[in-house]
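Chains, contacts and geometry: an overview
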Amino acid sequence: QVQLVESGGGLVQPGGSLRLSCAASGSIFSINVMGWYRQIPGKQRELVATITSGGSTKYADSVKGRFTISRDNARKTVFLQMNNLKPEDTAVYYCNAGIVVEIWMPEHDYWGQGTQVTVSS
């Protein structure tokens, strides 16, 4: 059973920083793209950042220059360093990964349970 477990959310003042982590566990053959998405109540989930197994990254325009995504392939973990946080960054952040559990099986999308990030003074 594959699981993605997130950690690192919390309450921070505007201008502050947080670092989110997401570790994949279970029977895993390979992990392709990993990423972070966020959702505000009543709105659609939106992409924040993604990173391929080779390290290529993509960011939403709203977080470019403030957030950095990285991954440790050996530890099956993806990180999101968030600096200069703004109140509009407040949301539930979800980890996502494209995972192949066995070499003969297709890739499936997996999601973490979400972690709350609140930016407020």
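The alternating pattern of strand S1 (residues 3-7) places Leu-4 and Glu-6 on a buried face, while none of Gln-3, Val-5 and Ser-7, on the opposite face, is buried. One ladder, built from five bridges, connects S1 with strand S3 (residues 18-25); its direction is antiparallel. Considered in S3, the bridge of Glu-6 is made with Cys-22.

A separate point is the state of the cysteines. By definition, a disulfide links two cysteine residues through a covalent bond between their sulfur atoms. As enumerated under the stated definition, the model contains one disulfide in all. One disulfide in the model links Cys-22 with Cys-95; its S-S distance is 2.1 Å. Since a negative S-S torsion denotes a left-handed disulfide, the Cys-22-Cys-95 link at about -80 degrees is left-handed. Highlighted residues: Cys-22 in strand S3 and Cys-95 in strand S9 (residues 91-100), separated in sequence by 73 residues.

What follows is about unusual backbone geometry. Only a minority of non-glycine residues have a phi that is not negative, and only a minority of peptide bonds are not trans. The backbone of Lys-76 sits at a positive phi, close to 55 degrees, despite the residue not being glycine. Here Lys-76 shows up in the loop between strand S7 (67-72) and strand S8 (77-82). Its identity is not glycine, yet Asn-84 carries a phi of approximately 50 degrees, on the positive side.

What counts and how
- Residues numbered from 1 in each chain as written.
- Predicted model: local features only at pLDDT ≥ 70, side-chain atom pairs only at ≥ 80, totals over all residues.
- Heavy atoms only, no water.
- Buried < 20%, exposed > 50% of the residue type's maximum accessible area, 1.4 Å probe, protein only.
- Helix = DSSP H or I, 4+ residues; strand = E, 2+ residues; numbered from the N terminus.
- Pairing = 2+ DSSP bridges.
- Disulfide = S-S within 2.5 Å.

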